[in-house]
Amino acid sequence: MNPYLDIIIRSAAVYLFMVIALRLFGKKELSQLNTADVILILLISNSVQNAMVGSNTSLYGGMAAATVLFTINFILKKLMFRFKKFSDFMQEKPEILIHDGNLDFKALSKLNISSDELKEAMREHGIEYFKDVKLAMLEIDGNISIISDLENLRQTHYKRRRIHKNLAGIN
């Protein structure tokens, strides 16, 4: 078999494996990387490198693998834009956390968001009381967005951080 065709097939297989693994283990966590997550990502990238290029450590082998990864990523993004069902499968849905001052305890529990974490997000948005929140949502990228006053909207940015109880977990 052509060594570059081998790299193309291996790289595509690793990419698709990683997409599925991230979907199963919680893609939202990527916007909330802590030290353990960064270490995990570095170790994963090191462990799958040989699976992609095998014994070929040439410049062309690396460029072939990178080209395959960029191409697959481009195609997946186009498919997600074009096909809503595929996009829904690949991405998490936004979740309502607070609506008109009422907390959705079921959603907060499901997402493992503590009241301290929610209060921190509110303070980041300049809001002191739950009753002042018109809408708070956990967005698909892991950020918590909050709307308090429709006449005086402020744009702020709160990136949700997660504290992991074990080093291996990413959900």
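Heads up: the structure comes first, above all this text.
Note that this is a predicted model, so its numbers are computed, not measured.

Chemist: So, the sheet that holds strand E1 (residues 95-99): which residues are in play, and what are the values?
Modeler: If you walk across this open sheet you meet the four strands as E2-E1-E3-E4, and the pairing is antiparallel. The open sheet has two edge strands, strand E2 (102-103) and strand E4 (144-147), and neither has a second partner. Both strand E3 (residues 135-138) and E4 contribute to a ladder of four bridges, which runs antiparallel. Paired with Leu138 across the two strands is Ile144, which belongs to E4.

Chemist: How would you summarise helix H3 (residues 59-82) if you had to cite specific residues and measurements?
Modeler: Across its 24 residues, H3 extends 35 Å between first and last C-alpha, which sits within 8% of the 34 Å expected from 1.5 Å per residue. For H3, the full list of buried residues reads Gly61, Ala64, Ala65, Val68, Ile72, Leu76 and Met80.

Chemist: Could you give me a rundown of the pairing of E1, with the residues and numbers involved?
Modeler: Where E1 and E3 come together, four bridges link them in antiparallel fashion. Pairing of Ile98 across the sheet is with Ala136, part of E3. Taken together, the two bridges between E1 and E2 define a ladder with antiparallel strand orientation. Counted as the bridge partner of His99 is Asn102 from E2. Hairpin connection of E1 to E2: two residues between the antiparallel strands, including Asp100 at a positive phi of 50 degrees.

Chemist: Would you mind going over the pairing of E4 in detail, with residue names and values included?
Modeler: Side chains of E4 alternate between two faces, with Ile144 and Ile146 buried and Ser145 and Ile147 left unburied. Between E3 and E4, which pair antiparallel in sequence order, lie five residues; one of them, Gly142, sits at a positive phi of approximately 95 degrees.

Chemist: With reference to specific residues and values, describe the nonpolar core.
Modeler: In terms of nonpolar packing, the biggest core is built from 15 residues, with Leu97, Ile98, Ile113, Leu118, Val133 and Ile146 touching the most fellow members. In terms of residue count, helix H6 (residues 115-124) provides more of this core than any other element does, three residues in total.

Chemist: Tell me about the pattern of salt bridges, and please be specific about residues and values.
Modeler: Tallying each qualifying case throughout the model produces five salt bridges. Note that Lys93 and Asp88 form a salt bridge whose closest N and O atoms lie 3.7 Å from each other. Given the relative accessible area of 47%, Lys93 is considered partly exposed. Note that Glu95 and Lys110 form a salt bridge whose closest N and O atoms lie 2.9 Å from each other. Of this pair, Glu95 sits in strand E1 while Lys110 is found in helix H5 (residues 105-110), placing the two residues 15 residues apart along the sequence. Classification of Lys110 as exposed rests on a relative accessible area of 55%. The network of salt bridges with shared partners includes Lys84, Asp88 and Lys93.

Rules of the game
Residues numbered from 1 in each chain as written. Predicted model: local features only at pLDDT ≥ 70, side-chain atom pairs only at ≥ 80, totals over all residues. Heavy atoms only, no water. Pairing = 2+ DSSP bridges. Helix = DSSP H or I, 4+ residues; strand = E, 2+ residues; numbered from the N terminus. Expected span 1.5 Å × (residues − 1). Buried < 20%, exposed > 50% of the residue type's maximum accessible area, 1.4 Å probe, protein only. Core = buried A, V, L, I, M, F, W, Y, C linked by side-chain atoms within 4.5 Å. Salt bridge = Lys/Arg side-chain N within 4 Å of Asp/Glu carboxyl O.

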